[in-house]
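Structural characterization, general
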Amino acid sequence: MDVVAISDDELEESNMICDDLSLLEEDEPLPDYLWAQDEDVPGDNELITEYAVQTIHSEDPCDEISDSSENDSSCQSEVHPDQRDQIKKNTRRLNKVNIFRFRKKLNQLDSMQKEKELIIEKFREELTACRQRIEVLEQQKSAAEMDIQTEQENNNTAALFRLRALHKRLCADLVNEQDVESQVAVILQENECDLWHIEVEQGKFTSLREKLQQDEEELERQRKDLADQRIQKEKGFQIVAEHKRQKEKLQEIRTLKEREQRYRKAMEDAQRNHEKAVQFLKETMTRVREKETEKEMKSREEMEKRMQAVLTLKNNISANRENLRVIEARNKAKATMMKKQDMLEKDNVLSRGEDATKFMIHQRRLQEFEIKKQEFEEKQRIRKQEIISRLLQEEANQGKKLSSSIRENNKQKQSKLRSKTIHYIESVIPADQENEPEITKSKKWRSVSSLSSDEDDSTTGQQSPSVVPEKAYHTEEVDSETFAQPEFMGLWNEDHKPYKVPKEETEVKPLWGSNMEIMAETRSKIQNGTTQKQAVSGHEYKGCPFYYKPNVIHFKDLEVGKVYKKKVTLTNASYTINFCKLVDVSPHLKDFISIQFDPPGQLSAGMSCEVTVTFTPMVNEDLEGEVMFLAKTGAFSIPVKCTTKKCELSVEKERMDFGTQVVGETITQIITLTNRGALGTRFSIRTITQDNGAHTAVQEMPSEASPRLDDSVSKDKDTDLRAESGNHDEIEKPKSRQTKSVCESTSPRSIDTQEARSVEVETSVGIERVSKEHSTLHEDSLNEVEQPQVESEEELIEIKLGEVTGGEIGPFTSVKIPIIFAPTFPGTAHALFEVSFDDPNSKQISVTAIGTAVDVPVYVSNSNIDLKICTYDRLYQDSIVVKNRATTALRLKFEVCKELKNHMELLPKTGFIQAQSSFSVQLKFIPRLSLLQDAGAYFDKETGVLEAPMTISVADQTRPIHFTVSAVITTSDLEISPAVVDFGYCTIYEAVRSSIQLTNKSILPQEYGFVGIPEYVEIQPADGFGTLLPLETVTLDVIFRAAKAKEYAFELTCKSAINRQFRISCKAVGVHPPLELSHSLIQFPATALNDISTATLYVINSHTSRNEFTHPVPRIGGGDIAPVGPTSFEIHVPDDVPVTVSPSVGTVLPGERCLIQVSYRPTLSDREIREEALRLLSKANEAKALLEKKTTVSTESEVQGKREKRDLSANKERRKQASSTKREKKQLPSPKQKEKTPKAPETVPPELPGIQDIKVNSDEYVAAQTSVYRRFAGTLEKYIIPCFIASCDISKRKDQELNFSPYNTLFLELHCPAITPPLLVTSDNGRHHVDFGEVATGQRVVRRVTLQNISLEPLELGFSIFNPCGPFVLLNIVKTVEPGASCFLLIAFSPCENKTFFETLEVRSPRATLTLGLKGKGIAPSVSCSLDGGIMDMGYVLSKDSVTSTFQLQNTSTVPVNYSVNLGSLSVNRYSELQKLPRFLSCQKKSSDLVGTQNYNGLSVFGVCPVEGTIDPEKSHEITVTFSPDHESVHYSDSLTVELYGKHTVHTIQLKGASRDHIMYVEGGDPMDVPVESLGIIPEYEGDEQTKTLLLTFRCIQTEADLKPAVRDLRVGCIRTTALATKKGGEFFWDNVQLLQQKGFTIEPVKSAVDAGQHKTVSLRWVPPAGYDPSKPGTTMAKLTLKGDITESYQVILATQVVSV
């Protein structure tokens, strides 16, 4: 390692450089002398220092490093090479930093110089402008001075003052401008000085700039070198990476090849597996299809059976209904008769004088007793049946258990029995019954073994009614009884569950009994025919006890009068000894059959005996029956069958095929008719059809119809069997026990015989029906084809009968009938022959013959070459195969008709065909447009069908071969309409759509496609590609989008699949409007009905310049450019669109935009709501009419019932009268005497109102609206709204119409989906407006609004906030409403002012907002009182008496008013009022306390009724006031206040009254006491007369002219009362009247009587007498006497005074 030494001086220098650089790293600002003028310019030492630093930085500090050996004396230091590199790097970095910082300082100095230059230039311009303004002002000043001198000379004072003011202003402006000029000059000088300083400084840094530039260039060179090195390194890395990538690519290619090989191998394996799987799948699918076909056939059969069963059930139901109606009518008639009989019996009892009620009760009890007795007997009988069935079931189960054990031990024996049984069944079933339904076969196979216990009922029901039932042998129900068990179990017994006897029902058999008793019991059972079980070694025998041979006693081909005998061998097949007893023969065979049978006694197992059966026929008909025997282990029977002679006719084959024959040859085939029966008959054969298509159809029809007829016959047969079996069940129902016993005792072979016999009978009946129907159908078909047959007779018959056309066929013989085929024309010949017989029981036999005739040896396999559909100018080819059936080769020549030689060609024209081989000819066909003129008659112009005859000439053969080439010629044109499409004017912000129709003129489908479409054109659907069906027309939409404003002209090309081109011309004008929309499509969210969705967009005016070279400008096509300026718009919304635009009209300035708000509020159409209202009204009217009808019917029934009761009572009275006169004659009411019930008038349904007669706010309208809301399914509407544009300001042309251009119109597309509101108002018929009506101020009314969630999701509700100062308040909050649930909102309205209030409540849900409108009117309540002045005077009343008076309170407002009436004496504040001073002691002049004297007893002296109530609008209430004083006083008073709602006092009424102890009273004098009584009671002194004092003051007014007399009035009254006995009035009189007259007093009247309840007014008039001193008041005493119930005297003090005015 090299060690480098560095001296100490160098280290110090490097440290100093680092320190200086650290100082330079700080961001130092420029010297302040560049901004402040007071500071000195820096010296050269700083620049030198900086330059020295730059120099030091440029040198390499490591260049002076010397070897350590030269400087041994100095301090040595070892430096590592890595450290030296690090020092170099640091030095370079510091140099770069210094260069960058120095460049920054210089750039800052340059920028300051530029700023100073700009400031100086600006101030210079300002100084120049200021000097120019000074010059202008001086000129104006001089002009003003000259004008002043001129006006002074003219003595124009006004102008002089104006000019002087102008001169003064100009002088002031001139001074200001001069000041500004001086300031600007100073600032300009300062800035120029600063600029000079900066230029000086820049001159100082010139050398440094050059050095800095060199350093920057060096730095740039180093940077480039470093970049080159990096590039070299990157290239090296790139080469390495490329090698690595190539290796990876090769590895990947090898991997892909291996993977591809594995994939190919896997695909080959999969292909092989797929082929195998497809093969197996085909087989599986074939089997599945076969199974599905079988299932379908079975399902069809089952469906037909079910349909038949349903029809049968329907018929049975209809029949049962008729029966029920008859039974019901019969029961009603019977009940009526019973009622009449009861009435008659009751009348008889009454006529006899007995108790009718007792008699009727006795009779009713007897009837009830009989009914109960019958029910008890029926229950006993049913119970016995149940017990017997359980016993039989238990024995059957035990028998099954024994048979299972026996079956295991005797498998070989059972197999033999089974084979014998099957052989017997095959021998019994005839060949004709093979096509019978499966049900019949199942019955026959089941008949081999005897029936089990669960099949008894079904077997009984399936017996044919034609078979006479057997004798029923009654057997005793003994525990030892055995039942027959089948040898093998059938499928029908798989689901059978044996009956389990409950434990409580099992009985323990007694074990006692002697052998003699058992033998006696056994003997009695045998004599009575009762069987017993046979068990050996624990195995019970359950088969047929005897085998008989032959299995059926069959007497064939019987003749009347002859005798036939048969021997039958019976063999004991049981386990032990058995016996055989002849029981009986079928009843209908007793007259013809006799049996010789000697009972052999006991037979051991395997022993046999013989039975001889002799049959003597008396009638020529078939008979069936059985011979019944009884063995020890059960009964069995041998079937007997007797058949007459019959014909069994058949043909060897029913279809004859003559094959292919040459025309002119004859061939004969033989039909063999065979009779296998013992009866001969005559036959005849005739031809039905011959060589006609219609005949062929008729020929096939019987074969097709026969299965249907068979099916129908089978269905009818099944139906008849069911009906007959049902009737048979009803007939045999009482004999169920006997039937069961017979079934149990009958052998399986006898049952099989009976079933087979019944089936044969039914089959014969069905065959007769089918034959009759078939013959009828055949005759109809012959009639239908009669006319074609007549026409065909003219033709030559090719297939005909030979010589034998009829004859006799004997028993067991055959006849041969020849059929001849002699073709005369080539083709296929058909013939249908029918063989009929004289024997009515023999069916007709149909024979079909077919043959083909050929013309010549050479023929064309396909005589009609069909080229299908061809188009013009297209080549079509086909191959024609010619065959040769001859044994030699032939030369052929092919010819085309001369009319079609230009269009059709056969190649080759000649050729040789080898023997018995074929030859192929090529046909070429090119239909040209001249085919229509060339083809002539071979071409149909209307249908386009071409039929061209072709000829093949054969050498040495005169007759050529003809064949036809047919084709349908059609065009391949496509028609486009219209041929020219004009899109008109289209803006660049929209697309214009135009529809064209493309029609396929061909009868072939054609594919089409539009190619070469410009980028601004679009064709839909499928982008202009598709397939046209024959003669189909499709509509295509051509969509044009203008890219810019210009005129467009272009063509669209449509190509077909055969490369034909069809063109269409298009033109359009592109428009660039002055305005644009920020959005041309708005998609509103799903909005509920009556909800609002809002969207915003902008109308933008981006037209700010008319320079068309920098940007697109608004114009119409290639027209003039739109002017730059304010542009107006108008958005026109149609009337029927539920959209609101705000603002719809406006003006947009250039470069600005206008905000537009679009609101969508979906609503229902008015007509739809009205139609729904009519529907609801119609439904309501129907319900009402139905209810009225029911009411009318019930009313009529009630009236009818009352009338019947009345008639019944009248009849009873008549009977009583008749019985009293003559008991024997009894009068019954005749039906003619009954009154006819008047028919109720038919209710006429009310007429529905017209659709326009329904009011909008009616209940019907609102209910219909809610109904439509509920069934609203949602809609999606699309609206296009135009926006018209005009280049002007609409605000300046308010009264003028704007000139909108139709070509500059913008369009806004709206997608508006409407949905069902999730929340509905169900209260108030669904109204969304809650009207509180008129409410009194201060009152509170609460309304409940019901909301229902009709959506499928729970809704979380939110509510808007009411006006806090308003009258409406929401009392409850509902958070969540479940689907289908309802919620309630309580809204209160409490007005405080007399005005109308409106407010809305928004119920918000996640999907919609429901708005409720609230309305209420506050009414100030007002009540008027009928009292005038607010005072109610009750007058005088005797103490301890009472009097009443009334007044009216009337409600003059429009709302009901609640009022209350309060008395001041009963107020809660009364105690505090009493604590105050009385009125006469207080300083207040007027007191508000109206409460006066009260009763001593503590009760209120005044009473009010009612004390509260409610007054309706414009109504009045009467208030009754009662005055009840308990002592004498004239100061009774109280205050009555009328308050509304307990808050507002509207009236205060003063109640006054006076009370006297006596009836006479006087009033009208001056007050002499206080109104407040003392608490103490003043004692009264009794005397003859009570004297009271009255004071009357007279003031006579004296004027200068005259003297006005003083007048006072007194009222003397008499109280009317009921307390005193007398009702007389009183009287009064004055004493010393003359003395009073002398003193100037005049009294009128002096004396008078007063009636009770009346009063008299006494008038006192005073005039000063002569000599009266006016200065001295006078006093006169008078006496007034009152006479009533007592006599009272009043001393009246008359005080006089004269007052001067």
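Quantities reported herein were computed from a predicted structural model and do not represent experimental measurements.

1. Some thoughts on the overall build of the protein chain
A count of helical and extended segments in the protein chain gives 19 helices and 79 strands. Burial status across the protein chain gives 34% buried among its 1701 residues. Expressed as a percentage of contacts within the protein chain between residues at least 6 apart in sequence, the contacts between residues at least 24 apart total 74%. As displayed, the protein chain offers around 105,000 Å² of accessible surface, 51% of which is attributable to carbon and sulfur atoms.

2. What to know about a nonpolar patch on the surface
A contiguous nonpolar patch, built from Val1342, Val1369, Leu1371 and Leu1386 and spanning about 270 Å² of accessible area, is present on the exposed surface. Its place among the elements puts valine 1369 in strand β56 (residues 1368-1370).

3. Quick notes on the confidence of the model for the protein chain
Looking at the protein chain as a whole, its pLDDT mean stands at 77, while 75% of the residues score no less than 70. Confidence drops under a pLDDT of 50 for residues 692-795, and excluding neighbours within four residues, the segment shows 132 contacts in the predicted structure.

4. Examining the packing of aromatic side chains
The geometry of an aromatic ring pair is captured by two quantities: the separation of the ring centres and the angle between the planes. This model, assessed by the stated rule, comprises 27 aromatic pairs. Ring geometry for phenylalanine 1040 versus phenylalanine 1050: centroids 6.1 Å apart, planes at 20 degrees, classification stacked. Separated by 10 residues along the polypeptide, phenylalanine 1040 in strand β37 (residues 1033-1041) and phenylalanine 1050 in strand β38 (residues 1047-1056) bring together distant segments of the chain. Every member of this aromatic cluster is reached through a ring pair, and the members are Phe983, Tyr1016, Phe1040, Tyr1048 and Phe1050. Sitting above the plane of the tyrosine 1098 ring, arginine 1153 keeps its charged end 3.9 Å from the centroid.

5. Examining the side chain of serine 1159
Considering the arrangement of structural elements, one finds serine 1159 in strand β48 (residues 1153-1160). Exposure remark for serine 1159: the relative accessible area of 19% places this residue in the buried category. With sequence-adjacent residues up to four places away left out, serine 1159 is seen in contact with Ile1092, Ser1093, Thr1094, Pro1138, Val1139 and Thr1140.

6. Description of helix α17 (residues 1259-1270)
Between its terminal C-alpha atoms α17 stretches 17 Å, which fits the 16 Å expected from 12 residues at 1.5 Å a residue. Inspection of α17 places Tyr1261, Val1262, Ala1264, Thr1266, Ser1267, Val1268 and Tyr1269 among the buried residues, and these make up the whole buried set.

7. Things to note about the sheet that holds strand β59 (residues 1396-1404)
Taken in spatial order, the four strands of this open sheet run β52-β60-β59-β55, and their pairing is mixed. In this open sheet, the two strands that pair with only one neighbour each are β52 (1329-1336) and β55 (1358-1359). With nine bridges joining them, β59 and strand β60 (residues 1409-1419) adopt antiparallel strand pairing. Its bridge partner being in β60, glutamate 1402 is matched across the sheet by threonine 1411.

8. Some thoughts on unusual backbone geometry
Note the cis peptide between serine 977 and proline 978, where omega equals 0 degrees. Tracing the chain through its elements places proline 978 in the loop between β31 (974-977) and β32 (980-987). A cis amide bond links glutamate 1644 with the next residue in sequence, proline 1645, at an omega value of -5 degrees. One can find proline 1645 in the loop between β75 (1641-1644) and β76 (1647-1650). Of note, leucine 1031 is a non-glycine position whose phi angle comes to about 55 degrees, a positive value.

9. Here we look at the nonpolar core
Membership of the largest hydrophobic core comes to 39 residues, with the highest contact counts inside it found for Phe1129, Val1139, Ile1156, Val1158 and Leu1310. Elements supplying a minimum of two residues to this core: β43 (1093-1100), β45 (1127-1131), β46 (1139-1142), β48, α16 (1166-1221), α17, β49 (1275-1286) and β50 (1301-1315). At five residues, β50 tops the list of elements feeding residues into this core. If sequence neighbours within four positions are ignored, isoleucine 1156 has contacts with Ala1095, Thr1096, Leu1097, Val1099, Phe1129, Ile1131, Val1141, Ser1142 and Pro1143.

10. Side note on the sheet that holds strand β17 (residues 799-801)
Read from one edge of the open sheet, four strands run β13-β15-β19-β17, paired in antiparallel fashion. The open sheet has two edge strands, β13 (649-651) and β17, and neither has a second partner. Within this sheet the neighbouring strands show an average axis-to-axis angle of 25 degrees, counted without direction. Note that strand β15 (residues 667-675) and strand β19 (residues 813-821) share nine bridges and pair antiparallel. Counted as the bridge partner of isoleucine 667 is phenylalanine 821 from β19.

11. A short note on the pairing of strand β79 (residues 1687-1700)
When strand β78 (residues 1674-1683) meets β79, the two strands line up antiparallel, connected through 10 bridges. Across the sheet, residue threonine 1681 finds its bridge partner in β79, namely serine 1689. Taken together, β78 and the strand that follows it, β79, pair antiparallel across an intervening segment of three residues.

12. A closer look at the pattern of salt bridges
If you walk through the whole model with that rule in mind, you get 41 salt bridges. Note that arginine 221 and glutamate 218 form a salt bridge whose closest N and O atoms lie 1.8 Å from each other. Remark: glutamate 218 and arginine 221 occur in helix α5 (residues 206-352); sequence separation between them is three residues, near one turn of the helix. Judged by relative accessible area, which is 42%, arginine 221 ranks as partly exposed. Overall, glutamate 218 belongs to the partly exposed group, its relative accessible area being 33%.

13. What to know about the packing of helix α4 (residues 157-204) against α5
At a minimum axis separation of 4 Å, α4 and α5 run at an interaxial angle of 50 degrees. As summarised for this structure, α4 and α5 are arranged oblique, according to the angle between their axes. Taken together, the residues of α5 that come into contact with α4 (itself represented by Gln202, Gly203 and Lys204) are Thr206, Ser207 and Arg209. Split into classes, the residues belonging to the contact of α4 with α5 amount to no nonpolar, four polar and two charged.

14. Some thoughts on a negative patch on the surface
Side chains of Glu117, Glu121, Glu125 and Glu199 sit close together on the surface and give a patch of like negative charge. Within the secondary structure, glutamate 125 is located in helix α3 (residues 81-154). The exposure class of glutamate 125 is exposed, given its relative accessible area of 52%.

15. Topic: the state of the cysteines
In the structure shown here, the tally under the stated rule is zero disulfides. Here cysteine 1365 is not cross-linked by a disulfide; its sulfur's nearest cysteine counterpart is in cysteine 1392, at 9.2 Å. Cysteine 1365 gets classed as exposed once you look at its relative accessible area, which sits at 70%.

16. Remarks on the pairing of strand β25 (residues 890-896)
Residues in a regular strand point their side chains to alternate faces of the sheet. The alternating pattern of β25 places Leu890, Leu892, Phe894 and Val896 on a buried face and Arg891, Lys893 and Glu895 on a face that is not buried. Pairing analysis gives four bridges linking β25 to strand β27 (residues 910-913), with the strands arranged antiparallel. By the bridge assignment, leucine 890 is partnered in β27 with isoleucine 913. Where β25 meets strand β29 (residues 945-954), five bridges bridge the pair, whose relative direction is antiparallel. Within β29, the position partnered with valine 896 by the bridge is methionine 950.

17. Here we look at the environment of alanine 356
As for its position among the elements, alanine 356 is in helix α6 (residues 356-409). Along the primary structure alanine 356 and glutamate 345 are separated by 11 residues, whereas in three dimensions their C-alpha atoms are 8.5 Å apart. Those residues within four positions of alanine 356 in sequence are excluded, and the remaining contacts are Lys346, Val349 and Leu350.

18. A short note on the environment of valine 1374
Mapped onto the elements of the fold, valine 1374 is located in the loop between β56 and β57 (1376-1377). Sequence-wise, valine 1374 and phenylalanine 1384 are 10 residues apart; in three dimensions their C-alpha atoms are separated by 7.8 Å.

19. A short note on the side chain of histidine 167
Residue placement: histidine 167 occurs in helix α4. On the accessibility criterion, histidine 167 (18% relative accessible area) is buried. Beyond its immediate chain neighbours, meaning those up to four positions away, histidine 167 contacts Lys141, Ala144, Glu145 and Ile148.

20. As for the environment of histidine 197
Positionally, histidine 197 belongs in helix α4. For histidine 197, a relative accessible area of 35% corresponds to the partly exposed category. As a C-alpha pair, histidine 197 and glutamine 113 span 84 residues in sequence and 9.7 Å in three-dimensional space.

The rules behind each value
Residues numbered from 1 in each chain as written. Predicted model: local features only at pLDDT ≥ 70, side-chain atom pairs only at ≥ 80, totals over all residues. Heavy atoms only, no water. Helix = DSSP H or I, 4+ residues; strand = E, 2+ residues; numbered from the N terminus. Buried < 20%, exposed > 50% of the residue type's maximum accessible area, 1.4 Å probe, protein only. Contact = heavy atoms within 4.5 Å. Areas by Shrake-Rupley, 256 points an atom, 1.4 Å probe, with all protein chains shown as cover. Patch = residues over 30% accessible without salt bridge, like charges linked within 9 Å, V, L, I, M, F, W, Y side chains within 5 Å. Salt bridge = Lys/Arg side-chain N within 4 Å of Asp/Glu carboxyl O. pLDDT = per-residue confidence, 0-100. Phe/Tyr/Trp six-rings, centres within 6.5 Å; stacked < 30°, edge-to-face > 60°. Lys NZ or Arg CZ within 6 Å of the ring centre and 35° of its normal. Expected span 1.5 Å × (residues − 1). Pairing = 2+ DSSP bridges. Core = buried A, V, L, I, M, F, W, Y, C linked by side-chain atoms within 4.5 Å. Axes fitted to C-alpha atoms, helices over the stretch in contact; angles between N-to-C directions. Parallel < 35°, antiparallel > 145°, perpendicular 65-115°, else oblique. Nonpolar A, V, L, I, M, F, W, Y, C, P; charged D, E, K, R; others polar. Lys, Arg positive; Asp, Glu negative; His and termini not counted. Charge placed at Lys NZ, Arg CZ, Asp CG, Glu CD. Disulfide = S-S within 2.5 Å.

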